[in-house]
Every structure is written in C-alpha cells, then in structure tokens.
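Reading the structure
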Amino acid sequence: MTRDHRRLYNALTARDARFDGVFFVGVTSTGIYCRPICRVKAPRAANCRFYDSAQEAEQAGFRPCLRCRPELAPGNAPVDDAGRIARLIVQRLWEGHFDGEAGLEAIADEFALSSRQIRRIVRAQLRVSPIQLLLTRRLLLAKQLLTETRWPIAEVAFASGFGSLRRFNDAFARRYGMPPSRLRRSGEREVPLTGSGDTTVLQLAYRPPYDWEGMLEFLAARALAGVELVRDRAYARTVRLGQAEGWIRVTRAPRGDALLLEFTHSLMPALPALLGRVRALFDLDARPDLIRKRLAADPWLAPAVRACPGLRVPGAFHGFELGLRAILGQQVTVAAATTLAGRVVEALGEPIATPIPELDRLSPSPERVVRAGVQAIARLGIVASRARSLVALAEAERSGELRLEGGTRHDPEEAIRRLADLPGVGPWTAHYIAMRALRWPDAFPREDIGIRRALGGVTADEAEARSEAWRPWRSYAVLFLWRMPRPATARPPAVPRTRIRRRASALGAAP
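Heads up: these notes are all about the structure in this document. (Residues numbered from 1 in each chain as written. Predicted model: local features only at pLDDT ≥ 70, side-chain atom pairs only at ≥ 80, totals over all residues. Heavy atoms only, no water.)

Looking at the overall build of the chain
- Scanning the chain from N- to C-terminus turns up 22 helices and 9 strands.
- Burial status across the chain gives 57% buried among its 511 residues.
- When contacts within the chain are restricted to residue pairs at least 6 apart in sequence, those whose partners lie at least 24 apart make up 67%.
- Carbon and sulfur atoms form 51% of the exposed surface of the chain, whose accessible area is close to 22100 Å². (Helix = DSSP H or I, 4+ residues; strand = E, 2+ residues; numbered from the N terminus. Buried < 20%, exposed > 50% of the residue type's maximum accessible area, 1.4 Å probe, protein only. Contact = heavy atoms within 4.5 Å. Areas by Shrake-Rupley, 256 points an atom, 1.4 Å probe, with all protein chains shown as cover.)

Now the structure itself:
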C-alpha cells in the first residue's frame, strides 16, 4: 500500500466530512464508487481505488452509489489546485449549450486557446476528455432529478441537457447498466423534496461549516429592490437565463450540509446554468478547511477566523448586475447605494409577475442600460460621472469586450485591468467586482477604508504588503476584516509573535 493510498484509506474510514468532494473511492468488489462519508461498511483497503473526481471514477467503470449519492458531493472550487483554467473551462461547458466540436471551438475562442489546447488542459487536469466530462455531468444531474423529483423521464432528459430521450436512455444504460425507470423505482422509498405546484426543490451540498446567517445579512443589506428579497431566513430573486424567466428561493436544509433551491418550472430549460449560478452566488464549492488553515496562521486574522469558521465570499448571480451595484456604491454608504440601485431597477428592469409581491422586476440588462443613456440615468439622481461609468460597463458587456461571469475569462487579473480602464472605475471597484462576480479568491481592494481601519489604520501600501501572507485566499481575508472590530490606535504586528492589541468596533465599507 502506497503512502497516498494509506492516507486516503484512513480518511475514508474516518468518514470526516471535510473530505467530502475532495476524493471518491471505487470498490472493485462491488463496481460502485462512493463519497468518503458513505455510511456503508468500510471496504477492504485492497479493494479500494481512489479518484479525484466522479468523472474519473465513472471513466474507470464504476457506478455511483445509490446511498451516498456522489452527485450531491460538493465540487472542488476553481482555485483549489493548479488546474484553475481547467475548472473554468468545466464551468463554461456546464453552463453553455455545448454540443460537439462546434461548441468546443466556441469555448476555445472565449479563452483565446485552440480546441486542441482545451482538450489537453482538461485531460491533463481531470483525466477525461471534455465530451466525457460533460456526459458525466449531465448523467449525474439526471440521476439527481430522477431521485429527488417526480418529473416525467422525458423532462428529466431535456432538463439535464440531452437533446433527445433516445440519446438519454442510451447514455444512461451504457454508463449505469440500467434504464432510468429502474433507478426511479429503486429511489421511490425516499421522500422527494417538494415545492408548490409550479416549483421544484433540489439540494445543493456544501462543505461544512457554513455561516448562513452571515451570508443572508450581507445579501440583505445589498439586495436590489424588486429583484432580490431576504426574508424569513431565505433568499429569493427573479431570474432570467437566456429565454427562460422565473424566480427562485434558497433556504438552508433542516438536516445535512446542503441548501434547498426552489425554482419555477419555467426555468427548467436553463437548469444546469441555474444550478451553477446559485452555487457561485452562495460560494458552495469553497474549501473552508484550507482557507481556515491558511488565514488562521496570521495572529491578526486568527480571532475572526476562529469566531466565524464558516464564512464564505458572497458571489453574484449575474456579473453585470453586481458590476452595476458596485459602481453605484462608489464613495457612498451601503444604504445609499442600495437606494440608487433600486431606482435603476425600477426604471430599467423589465416587469415580471411572481407570487411574491416584492419581486416584480428583472435585473436591468446591459442592452437596456445602453439604450437609456447617460442623461436618463442621471435624472434618477445619479451623478453624471457615475452614469457614464454604468453606460461604459454596459457597452463593454454587450460588445463582449468584458464579460463579468466567473467562467468566462481565465485571467482575472486581466479582467481587473480592463475594469479599471473603464471611465470612473478605479482599482477598488475592479477588485470588488472580481472578488464577487469573477469568483477570484485572491482579489484585494487595498484602498478599502474598512480593511485599513481593521488593520489598525494602515496605508493602502501597508495593507497590500500585509496581505501577501494571505494568498491565495485574500478575498476571504477581506470578508474577515470587514467583520473585525476596529483597533483604537493599534497597528498590525510586525512579526507573527507580536501580541495582538485590543480592538474597538467598526464596520466594513463594502458596497
């Protein structure tokens, strides 16, 4: 038994939830692969084969366990390893309408790579081809829908991305050795999650711990009136993805490490994209164990890390929406920015009917912002320079020069530079957008007054120097700093052994 095999087997027998989604185990005696938290009797070490992903396990010929359900395992964040480019490509494959070579070429163009480079990167990092990867993702989503819903099998096939019922049945039978109907019969003992007559509920797993109350508090203070609503320990919003429109509601599951996503059936055609957006918004693929280990080594951050081990970086459902909100938040308070954003939504957001009275607008699209122009936006009480920034951002998004989605560009630093080149958008705003919209874990808005105060009143250069020890998790450090009380006159310790000084209270300044 090799050292790595022994280490992974020990983790398997410990059933430590921190390893959930980090690796999968295939058991040669059964032909099944499981998550490391599976409650079945631990197999013999000699019968175990360990894999980095569900795709790799299935490629090796193993079937997913019906008890621990590998499709619910938290995914690896794009920044968990050196394969960030591969992970971003995966996201584009998952969210896009990918179908064969033409789709691969389109994705390659977005990354300024060749389709051959795309294949090589994905295979080197994930040990499967892009086509095999996408097939596994579609089949695992189909398996979740078959288990957790009572949708007709034809609807499951199309919602999970298959172009026809015949192709779905064939792929399912070849991969799992059974028709989809048999899997549904085997899962009938489970009580499916149910929504209203027009909605369905699915689980979205995460690695614990998770600071759900802190996430809701952050989102509530910045919610776009008419588009978003935080109430009764739940987050709700209107949604437009392509031609699909509807609304969603996200709550924390009463049991287990998962959120519950309720969505209208009108969003079924965009279900893969919807799931990806929600996971990004709530940072469900984060590795709190790795982040905590790194940041807690700094004595200045350690108290905040210990106090809130489940902190996540709130993402964005729509990158342009977040960019609009960030620009409106420049040099004003959070409350003032929220008021201005509400005016923009009221004027430029298209109406939508939902059963929630507070949700009656779709988020303004780049096209509507461009058509409105600077003067119309300025008449909403927004200074002209800020209105010009909004129109410039919308024009860049509409033209494709700048796309504020986490899976679109593989070079966040280049995106930060492009953002900072827009009129009226400075480095602070560019880093804040990168932190949330691009899901860049190492963004650091060093000019932020809340960060500098939390560090004892340091300069921006001093804050930047201090942050080097937190790479590559500086975005998470920012959230911890915004939550920290303000030192009265203290300065950060020069060396880690310096005693931490007392702190008074302060608030972060994020828009």
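Thoughts on unusual backbone geometry
- With an omega of 0°, the peptide bond between Pro-208 and Pro-209 qualifies as cis.
- In this structure, Pro-209 sits in the loop between strand S5 (199-205) and helix H10 (212-221).
- The omega angle of the peptide bond from Arg-471 to Pro-472 is 5°, so this bond is cis rather than trans.
- In this fold, Pro-472 is placed in the loop between helix H21 (460-467) and helix H22 (474-483).
- With a phi angle near 55°, Asp-283 is a residue other than glycine that sits in the positive phi range.
- Topologically, Asp-283 is positioned in the loop between helix H11 (271-281) and helix H12 (288-295).
- The phi dihedral of Arg-439 is positive, around 60°, even though this residue is not glycine.
- Within the secondary structure, Arg-439 sits in the loop between helix H19 (427-436) and helix H20 (449-454).

Quick notes on the side chain of Arg-436
- You can see Arg-436 is positioned in helix H19.
- With no salt bridge to any partner, buried Arg-436 finds its closest opposite charge in Glu-228, at an N-O distance of 6.4 Å.
- At a separation of 3.1 Å, a polar atom in the side chain of Arg-436 contacts the main-chain carbonyl oxygen of Pro-314.
- Engagement of the side chain of Arg-436 in a polar contact is seen with the backbone oxygen of Gly-315, the distance being 3.0 Å.
- Ignoring sequence-local partners within four residues, the contact set of Arg-436 consists of Phe-218, Leu-219, Arg-222, Pro-314, Gly-315, Ala-316 and Leu-322. (Lys, Arg positive; Asp, Glu negative; His and termini not counted. Salt bridge = Lys/Arg side-chain N within 4 Å of Asp/Glu carboxyl O. Polar contact = N/O pair within 3.5 Å; in protein donor to acceptor, adjacent residues only side chain to side chain.)

What to know about helix H6 (residues 130-148)
- The terminal C-alpha atoms of H6, which comprises 19 residues, lie 27 Å apart, in line with the 27 Å expected from a rise of 1.5 Å per residue.
- Most of H6 is tucked away: 15 of the 19 residues are buried. (Expected span 1.5 Å × (residues − 1).)

Focus: the packing of aromatic side chains
- Evaluation of the coordinates by the stated rule reveals 15 aromatic pairs.
- Residues Tyr-235 and Phe-282 carry aromatic rings whose centres are separated by 5.6 Å and whose planes lie at 85° to one another, so their mutual orientation is edge-to-face. Taken together, the residues Tyr-235 in strand S7 (residues 234-241) and Phe-282 in the loop between H11 and H12 connect sequence positions 47 residues apart. By the burial criterion, Tyr-235 is buried, and Phe-282 matches it.
- Put simply, the rings of Tyr-206, Tyr-210, Trp-212, Tyr-235 and Phe-282 touch in pairs and so form one group of aromatic residues.
- One cation-aromatic arrangement involves Arg-222 over Phe-218; the distance from NZ or CZ to the ring centre is 3.7 Å. (Phe/Tyr/Trp six-rings, centres within 6.5 Å; stacked < 30°, edge-to-face > 60°. Lys NZ or Arg CZ within 6 Å of the ring centre and 35° of its normal.)

What about the pattern of salt bridges?
- Within the structure shown, the criterion is met by 21 salt bridges.
- Where Arg-233 meets Glu-213, a salt bridge forms, and the shortest distance between an N and an O atom there is 2.5 Å. One end of the pair, Arg-233, is in the loop between strand S6 (228-231) and S7; the other, Glu-213, is in helix H10, and 20 residues separate them in sequence.
- For Arg-233, a relative accessible area of 55% translates into the label exposed.
- A residue is classified by how much of its surface remains accessible, and Glu-213, at 38% relative accessible area, is partly exposed.
- Here Arg-240 and Glu-245 are joined by a salt bridge, their closest N and O atoms 2.8 Å apart.
- Residue Arg-240 is classed as partly exposed on the basis of its relative accessible area, which comes to 27%.
- Residue Glu-245 is classed as partly exposed on the basis of its relative accessible area, which comes to 31%.
- Each of Asp-442, Glu-464, Glu-468, Arg-471 and Arg-474 takes part in a single network of salt bridges with overlapping partners.

These values are about where atoms sit, not about what they do.
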